[in-house]
Amino acid sequence: MKKRLKSTANTGLGLGAYMLLTSASALAGQHSLVIAIDGLRGDGIENAATPNIDKLIKGTWASGYRGAFAHYAQTMSDAAPNSGPNHVGIMTGVTSTKSGVTGNSDVGSGRYGDYPHYQTLIENHDPSLNTAYLVTWGTDMQITNSADVKIDSDDAGNIKNAVNMLNGSYSDTNWPLGSSPDAIFLFLDDVDHAGHSCCFTADDQGYTDEITSVDGQIGQLLSAIKNRPGFTDEHWQIVITSDHGGRGSSHGIHAADNYTIPFLVASKAVGQGYLADIPHNYDAAPTALSHMGVAVPGHIDGKVRGSQTLAQAPTLLQQDLITYLPFEGDYRDHSGQELHATVGGGSPAVSGDGKFGQHLAINGSDEYLTLGKPRALDFDYDTDFTLLTWYRVSGDQFGDPVIIGNKNWNSGANRGTLLLANEGNGDDVGINLASDSGDRKDIDPIDYTFNGWWLLAASFDRDGVATLYAGSPQGRLHIIAGGIQDVGDLTSSLNWNIGQDGTGSYRYNLKADLDDMAIWRRALTLDEIRTIYNQGTGLEIKRIINNDLPVYLSSASELVANQEYNVLITANAKGTVCGLEWDADLIFNERNAKWDCAGRADPMILKVTNVRQLTNGNKQVFATLVAQNGKGALEWDADLIGGERNAKFDQNTAGDLLILNLNGDVNNSTITAEVGNSVCGLEWDNDLLGGERNGKWDCNPSMDPLRIELLP
């Protein structure tokens, strides 16, 4: 079914004129900040700590502002996903065909007279406006631009320049001291360096750490904006996008992991939510021009973004759920639609050791299930849909088998849809769909690892993108996407099969374990995928449907002094979910505290003595933590070695008094203890031994973020 859009008029708000510092140009209430982050994949923000960008996305960074966001935005497709053509596109609003820039070496020969930089158009519209062009890649200085100030520096230097411009302390030949910026373009390069140093992937800590660092720099800019004397009367538009994604240590490949990037517009005039259809990075220029009251030239390929966002997801996950196969002893549908699976070939087994209870095991020979070809699984020309399953393998696939699909896989140009294993080298997943050879789309690859449960979900927005989500056992949600707006009728004459293509006779059969498989006649949102994925821990769909959701402690939790609560405590240690537990060995009535990185956690009893509400909205809970079944109470060790104390469970004491520090983010709780005149924080040890990390109290102090689940 087609989605309904909600529209917000993208017009000025009629703000009154005012004087900021000494700049006459500040009489205009509209201000623009465009930030291009080199090498930022669409899933980079998802997997790095980005509290400042998150506030922009959620519309909470300042009163009256909203955020329109796409983690599935795309680069231009008429040039390789490299910096040169995409930088030019971001700044001019046109693709390579018009600009003439196809690579990094021909940036200087671009057709900037015919297709000017957006800041040149702003200056032509009103020369009194103050425009600044701050870049960290020297080649960008070859792009013709009439901005008042043009600076080539490093990331840190240009953040400093931008902050000084915002607070009025910057001066230069064309920028008198006290001048107020009207339109700033800022290019940041360090994320790209981190990707080239190892990998453009959420699995690389160096890459995600650099994204977090850039988020901190953006936080400096946001603070400087909010601290401006006239901020309440200003209307800022902040656009964030990227030039390309990447694969391995490089980019430039014509593939979804290189094309997929973020696009964010935050202002008082945009809608709140996910951007409609297919945003591109070259939408940045017309979006900024429109906000600044400059007519968007007809030659621009990009679109003004922010006014149209997708309708909010339904309140209930089960809306438009057409089959749900939990594989608990059989192949029956638990959605209520009676769309059951049956055996199509061989003898598929349902057995224990699933992601949740039992699972379906397909052995790679001739085993598969079939759903037949019911009308509910015909997605024709314009019906949105989602395919989802948990997936586990013990080694490379042989050939390129199908996880679920309804086409003849002898050719990807045949009509239908497939979610594939081994779309590349034996340990990849991907999507293929087509109505004929002219509109075939392949969205791949995402690499997966062996011997752990991965969440795989393919959502299809028929007038936008198909998005592939692959959530690792370590808590990383990988995301790539590709435009499918021109794909025609997907209705196939073949069956929907699980473990085989639509013919049931493709030469390569799947060899994998599957669990909790479901299909919807709508495109699930990122928020819904996050709920099901649950940072790798996972939530059964039936639990979500029954509203049997885990409850995590936060500053909003109602905890009462002198009460006891059952809890589980987990931490994300270098991308792996680890659970706090007691060691099996009992030595002098003590057990070492461990973090089990298979995701297991021992149940604890939280004995609350006092609760303190802080003025910043956070909450402190004073309590002891006791392992259930008499395994001891958590305490800090008397010995201080290298600024750290071991964490112990002592069976002879009531435990040391702890402080649970709770804020609005359930994934960012911490536990501290007051030890003499110092404070020590609970953390996991850097060394991973036998799948476990030791529990430590760091008395420098530092502490690791935790998630505390409240059990029934």
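Student: Please explain the sheet that holds strand β18 (residues 416–421) as it appears in this structure.
Tutor: In sheet architecture, strand pairing relies on hydrogen bonds along the backbone and comes in two forms, parallel and antiparallel. An order of β12-β15-β24-β17-β18-β19-β20 is seen for the seven strands of this open sheet, with the pairing classed as antiparallel. Strands with a single pairing partner mark the edges of an open sheet, and in this sheet they are β12 (342–345) and β20 (441–447). Averaged over all pairs of adjacent strands, the angle between strand axes in this sheet comes to 25 degrees, irrespective of strand direction. Here three bridges tie strand β15 (residues 368–372) to strand β24 (residues 496–498), and the two strands are oriented antiparallel to one another. Considered in β24, the bridge of Thr370 is made with Asn497.

Student: Whenever I open this one, helix α6 (residues 155–167) confuses me. Can you help?
Tutor: When the terminal C-alpha atoms of α6 are compared, their 18 Å separation across 13 residues agrees well with the 18 Å that a helix rising 1.5 Å per residue should span. Taken across its 13 residues, α6 has 10 buried, putting it largely inside the fold. Where α6 is buried, its residues touch β4 (131–135), β5 (149–152), β6 (183–188), α7 (190–197), α8 (205–226) and β7 (235–241). Following α6 by one or two positions, Gly168 has its phi on the positive side, about 85 degrees.

Student: Whenever I open this one, the state of the cysteines confuses me. Can you help?
Tutor: Each disulfide consists of a covalent bond between the sulfur atoms of two cysteine residues. Throughout the structure, instances matching the rule amount to two disulfides. For Cys578, the disulfide goes to Cys597, at an S-S distance of 2.1 Å. Taking the sign of the torsion about the S-S bond as the criterion, the disulfide between Cys578 and Cys597, at about 100 degrees, is right-handed. Placement of the pair is Cys578 in strand β28 (residues 576–582) and Cys597 in the loop between β29 (590–596) and β30 (604–613), with a sequence separation of 19 residues. The class of Cys578 is buried, set by a relative accessible area of 1%. By relative accessible area, Cys597 is classed as buried at 15%.

Student: Explain the packing of α6 against α8 to me, please; I cannot follow it from the model alone.
Tutor: Helix-helix packing: each pair is described by the crossing angle between the helix axes and the interaxial distance. For the pair α6 and α8, interaxial distance at closest approach is 9 Å and the crossing angle is 10 degrees. As far as their axial angle goes, α8 and α6 are roughly parallel. Each of Asp155, Ala156, Ile159, Ala162, Val163 and Leu166 in α6 lies in contact with α8, whose residues at this interface are Gln217, Gln220, Leu221, Ala224 and Ile225. Broken down by class, the residue content of the contact of α6 with α8 amounts to eight nonpolar, two polar and one charged.

Student: I tried to follow the pattern of salt bridges on my own but got confused; where do I start?
Tutor: Should the charged atoms of two oppositely charged side chains come close, the side chains can pair. Tallied over the full model, the rule gives 19 salt bridges. Across the salt bridge formed by Glu46 and Arg530, the nearest N and O atoms sit 2.7 Å from each other. Here the residue Glu46 occupies a position in helix α1 (residues 44–47), and Arg530 occupies one in helix α11 (residues 526–533), the gap between them amounting to 484 residues. A salt bridge links Asp596 to Arg600; its shortest N-O distance comes to 3.2 Å. According to the relative accessible area criterion, Asp596 is buried, its value standing at 5%. The exposure class of Arg600 is exposed, given its relative accessible area of 52%. A cluster of three or more residues bridged by salt bridges with shared partners is formed by Glu46, Asp527 and Arg530.

Student: I tried to follow the packing of α7 against α8 on my own but got confused; where do I start?
Tutor: Contact geometry for α7 and α8: axes closest at 8 Å, N-to-C directions at 175 degrees. In terms of axis orientation, α7 runs roughly antiparallel to α8. Between α7, through Asp190, Val191, Ala194 and Gly195, and α8, the contact on the second element is made entirely by Gly206, Tyr207, Glu210, Ile211 and Val214. Looking at side-chain class alone, the contact of α7 with α8 contains five nonpolar, two polar and two charged residues.

Student: Explain the pairing of strand β27 (residues 564–573) here, please?
Tutor: Successive residues of a regular strand alternate their side chains across the two faces of the sheet. For β27, the buried fraction is high: seven of the 10 residues fall into the buried class. Where β27 meets β30, four bridges bridge the pair, whose relative direction is antiparallel. Across the sheet, residue Tyr565 finds its bridge partner in β30, namely Leu606. Two strands pair when backbone bridges link them, and β27 and strand β38 (residues 706–710) are joined in this way by five bridges, in the antiparallel orientation. Counted as the bridge partner of Thr570 is Arg707 from β38. The pairing of β27 with β28 spans four bridges and is classified as antiparallel.

Calculation rules
- Residues numbered from 1 in each chain as written.
- Predicted model: local features only at pLDDT ≥ 70, side-chain atom pairs only at ≥ 80, totals over all residues.
- Heavy atoms only, no water.
- Pairing = 2+ DSSP bridges.
- Helix = DSSP H or I, 4+ residues; strand = E, 2+ residues; numbered from the N terminus.
- Axes fitted to C-alpha atoms, helices over the stretch in contact; angles between N-to-C directions.
- Expected span 1.5 Å × (residues − 1).
- Buried < 20%, exposed > 50% of the residue type's maximum accessible area, 1.4 Å probe, protein only.
- Contact = heavy atoms within 4.5 Å.
- Disulfide = S-S within 2.5 Å.
- Parallel < 35°, antiparallel > 145°, perpendicular 65-115°, else oblique.
- Nonpolar A, V, L, I, M, F, W, Y, C, P; charged D, E, K, R; others polar.
- Salt bridge = Lys/Arg side-chain N within 4 Å of Asp/Glu carboxyl O.

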